Structure formats: C-alpha cells, structure tokens
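Single-letter residue listing:
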Amino acid sequence: MTIPIPAEDPRHVPNRAVIDPSAITENTRAMGTLLEEQTALMAVVKADGYGHGMLTAARAAIEGGATWLGVAHPASALALARADLDAQILTWLFEPHTAKIVLPEVLGSGVDVSVGSPEMLALVSAAAREADRRARVHLKIDTGMGRNGVLPWQIREIGAAMREDDFIQVAGAWTHLTSADDPTDPATDQQAELFDSASEALADEVGPIPLQHIANSAATLTRPDLHRDLVRVGIALYGCPPVPTDVPLRPAMTLTSRLALVKEVGEGHSIGYGRIRTTDRPTRLGLVPIGYADGLHRAGSDQCVLVVRTESGDHRAPQVGRISMDQIVIDLGPNSDARAGDQVFVFGDAGGDPNGPAAATAEDWARAAGTISYEVLTSVSGRVTREVR
Ligand SMILES: Cc1ncc(COP(=O)(O)O)c(C=O)c1O
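Residues numbered from 1 in each chain as written. Predicted model: local features only at pLDDT ≥ 70, side-chain atom pairs only at ≥ 80, totals over all residues. Heavy atoms only, no water.

Undergrad: I keep staring at the sheet that holds strand 10 (residues 253-258) and nothing clicks. Help me out?
TA: With mixed pairing, the nine strands of this open sheet are ordered in space as 11-14-17-16-15-18-10-1-19. Looking along the sheet, the strands with just one partner apiece sit at the ends: strand 11 (261-265) and strand 19 (385-388). This sheet shows a mean twist of 35° between the axes of neighbouring strands, independent of strand direction. Pairing analysis gives four bridges linking strand 14 (residues 283-288) to strand 17 (residues 328-331), with the strands arranged antiparallel. From the neighbouring strand, G286 faces strand 17, where its bridge partner is I330. (Pairing = 2+ DSSP bridges. Helix = DSSP H or I, 4+ residues; strand = E, 2+ residues; numbered from the N terminus. Axes fitted to C-alpha atoms, helices over the stretch in contact; angles between N-to-C directions.)

The following block contains the structure:
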C-alpha cells in the first residue's frame, strides 16, 4: 500500500513559496534572445519545476517561447502530456520496474524518451511494441558525467540496434556538461569534442540526426557555439543565473513567513541550539515559524539577512543562531516596531519599495549553506504552501 502525505489546509499554514509565473515567462524570453532562430528552447521543469510547480513553470515557460519541456521522470512527462500543453516533451531517467508500467503510455502520448544504455533501449523498444507506436529516441552520450548515457565506444553497436528496430526512431543525440558553470574549465571543450565525434559515428549508423543538444543554462549563457538545435534551460528560468550575466533574470520564487512572537532580551542572551550566538546588546528578537523541515539548510545558520515588513516599512533583520526544525530567530534590533503576524521574507523578491532593503536571494542561502541555488529551491518542502501570483 502507498500512503500519501496528509495535506494541510493552506489557510492554516503561515509559510508560503510565492511563485511569480511572469518572472519565468520573462526569464524564458530573455534566454530566448540569445538563440539563433534554428535553436529551440527546452524548459527543464523536472523536480516539480525546480520546486515552483511543474505545470505552473511549464505554462509560464511556453508563454515565454519554450517549445520543449524536459523532465527526468516518465511519471512527470505523463502528467505534462495529460495537461495537453503546446510543447514537445522529453524524459530521460527510468529503471525497469516502473518503466515497464509507465513507458507504453508515455510513448503512446507522443513523449520523446532518452536512452542511455542498451538495457534502456530494450525497455523502450518493448514499450513501443506494447503501445504500437514508434518511439522517438534521444541517445544520451556519456562524455564525462559518468551518469546516464552510453560510452562513445558503444555508439556503433547501439546505433545499429536502433537502425534495425522498426519501433525506434532516432530523434536526437545529446549529452550533459559537467562544468559549464566554470567557463574557464577545459572539460566543456573536451566534452563537446567527444560528443561531436560520437554523433558522427551515430550518424554513420542511423543517418542524419535531427536534433543535437548539449547546453544547460550556463552553456546557453556563455557558449553560443554549443547551442546546436536545442538548449535545455533550467535554473536561469527560475531567476538564478549559474554564471555572471547581463541577461535580465529575476527570481520566480519568494519564500515568506510571519512572526510568531517578538520579545525583548538583554545583552548576552543566548539563541538556539549550541548557543552559537549570544546578543551583543539589548535587542528585540523575532521568532519565525520556518525551519529546516520547511527546506532551510541548517548549514546556512546565522548568516543570511531577511526582511521584515512592519507598520513602518521594510527592515533588514539577520537570522541569528542555529536553524531549528520548525523555527528560526531574527534580530530585529532594539528599536524595531515589528509585531507578531508581520510578514517575513526569507528569500526572493519582497516586492516593496525598489530602493528599500532587499531580502536574501536563493544564491545567498546557497552560499551560506555551502550548496547551490538549485538545492535551495528544490528543498522547499511539501509543507510550504505554493501560492501562484
Ligand atoms: C539533463 C539535464 N539537462 C539540462 C538541465 C538544466 O540545467 P540548468 O538548470 O543548469 O540549466 C539539467 C538539470 O540539472 C539536466 O539534468
């Protein structure tokens, strides 16, 4: 038996991940301006649209010009296909037990699938027979990631197997870059070279390859030579550029909560587990009912500055002490007029006075916790209500 997590009534929950689909639309449009006409843009909406809601993200990206949608799991691809969106879908990560159940319907829905091993090809071929429909396959080539993908020496054999299979149509060849977020890293050039020679070998076996794709957000921003027929853009669409850029991108998720209480404490008052922080002056502390079970990273404790919206306006308030499971403490300062119930912006766009204080970004939280913005966004847990504005 599978047991769903009991849903909480959003009216009873103070924590919100406020999603701005217009940011995703505009970010998609901005990324699209980098592309030549023949290059299509795939919006990568896996992992529930990097935590933003898969369908919300997909619709917003299509409005911004995306003509492809990419997801890791076939189950996600099926959900997208059922939503009847105006985009081609690609899915790339499956294992035999669930693939046997889901792939026939995925293929029957016209979704493209990736193949990254001879075993995956056999699964797709069997599913295509069951669906009585030719599978459109993108062959994934492992050029250095060491994850999903066939090795260059396997290309000829798998190419011949695809050519001889009436239920397989080669729609594309692709690879994923390990280090595009560091434009000085020679690994990107090495991967591109390996990909090109593997694609040539594949074309020898199966004929011209309609779609070649390599670039993620970072390579889309920095390597026009790798745009090829299709770019697969994820993090940039959500407003977190993985490399410095002039392309205007703005955050699509704002994480907010509300003060549970405010209290005055004296100098030398300790805060939180392990007492990593004690007050250096009398001040007012605000308790915010959001913690690591909501997705904040405990490793990022005591480093980020939040914004609290009080009657007198927006004010910066550093998060102090260790992040707990359900709560954090912010230092409001001795003269704060903040009160229980006031809104707190944990990261994202507070949307107040443009010259007023800005909340931390997902990147700030990532730096504080020694991780990446991707993990910050996708960590926002199921008990945080998503609110689409
Ligand atoms: C295969 C593949 N392509 C593209 C992307 C998008 O990458 P990014 O979010 O860096 O644009 C991802 C995400 O990790 C991915 O797994």
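Undergrad: Sorry if this is basic, but what is going on with the pattern of salt bridges here?
TA: Any two side chains of opposite charge can pair, so long as their charged atoms come close to each other. Considering all chains together, one arrives at 24 salt bridges under this definition. As a salt-bridge pair, R163 and E164 come within 3.1 Å of each other at their nearest N and O atoms. A salt bridge links R367 to D364, with the nearest nitrogen and oxygen atoms 2.7 Å apart. Highlighted residues: R367 and D364, both in helix 10 (residues 362-369), separated by three residues, approximately one helical turn. On the basis of relative accessibility, which here comes to 60%, the residue R367 falls in the exposed class. (Salt bridge = Lys/Arg side-chain N within 4 Å of Asp/Glu carboxyl O. Buried < 20%, exposed > 50% of the residue type's maximum accessible area, 1.4 Å probe, protein only.)

Undergrad: Looking at this structure, how should I read empty space enclosed by the protein?
TA: The rolling of a water-molecule-sized probe over the atoms marks out the regions of remaining empty space. Inspection of the entire model under this criterion finds one cavity of 30 Å³ or more. Approximately 50 Å³ is the volume attributed to the largest cavity. Along the walls of the largest cavity sit A180, D182, P183, D185, T188, A219, T222 and R223, which together make up its complete lining. Per-class residue counts for the lining of the largest cavity are three nonpolar, two polar and three charged. (1 Å grid on protein atoms, 1.4 Å probe; cavity = no way out; pocket = protein on both sides within 12 Å on 5 of 7 lines; lining within 4 Å. Points joined across faces, edges and corners; volume = space filled by probe spheres on them. Nonpolar A, V, L, I, M, F, W, Y, C, P; charged D, E, K, R; others polar.)

Undergrad: Explanation requested: the nonpolar core in the structure shown.
TA: Taken as a class, soluble globular proteins show a tendency for nonpolar side chains to be buried jointly. Counting 113 residues, the largest nonpolar core has V45, V124, F347 and W365 as its most contacted members. Element by element, the count of residues in this core is highest for helix 6 (residues 118-131), at six residues. Counting residues domain by domain, this core receives three or more from each of domain 1 (21-238) and domain 2 (253-388). I271, L285, L287 and V320 belong to the second-largest nonpolar core, a separate cluster that totals six residues. (Core = buried A, V, L, I, M, F, W, Y, C linked by side-chain atoms within 4.5 Å. Domains from an automatic or database assignment.)

Undergrad: I would appreciate a short explanation of the pairing of strand 16 (residues 313-320) in the present structure.
TA: Remark: a regular strand shows side chains that alternate across the two faces of the sheet. As defined by bridge partners, strand 15 (residues 305-310) adjoins strand 16 across six bridges and the pair is classed as antiparallel. The partner of T310 across the bridge, within strand 16, is G313. Linking strand 15 to strand 16, which pair antiparallel, is a turn of two residues. Here strand 16 runs beside strand 17; their pairing, made up of two bridges, is antiparallel. In the sheet register, V320 faces strand 17, and the bridge partner there is V329.

Undergrad: What is the right way to read the packing of aromatic side chains from this model?
TA: The geometry of an aromatic ring pair is captured by two quantities: the separation of the ring centres and the angle between the planes. The final tally for this structure, using the stated rule, is three aromatic pairs. Relative to Y238, the ring of Y50 lies with its centre 4.6 Å away and its plane at 25°, an arrangement referred to as stacked. Of this pair, Y50 sits in helix 2 (residues 46-50) while Y238 sits in the loop between strand 9 (230-233) and strand 10, and the two are 188 residues apart along the sequence. Just as Y50 is buried, Y238 falls in that class too. Considering the side-chain rings of Y50 and Y374, the 6.0 Å spacing of their centres and the 35° angle between planes classify their relative orientation as tilted. Note that Y50 is positioned in helix 2 and Y374 in helix 11 (residues 373-379), a separation of 324 residues in sequence. When its relative accessible area of 31% is taken as the criterion, Y374 is described as partly exposed. An aromatic cluster of three or more residues is present, and its members are Y50, Y238 and Y374. Sitting over the face of the ring of W174, K140 holds its NZ or CZ atom 4.2 Å from the ring centroid. (Phe/Tyr/Trp six-rings, centres within 6.5 Å; stacked < 30°, edge-to-face > 60°. Lys NZ or Arg CZ within 6 Å of the ring centre and 35° of its normal.)

Note that every value here comes from positions in space, so none of it alone points to a role or purpose.
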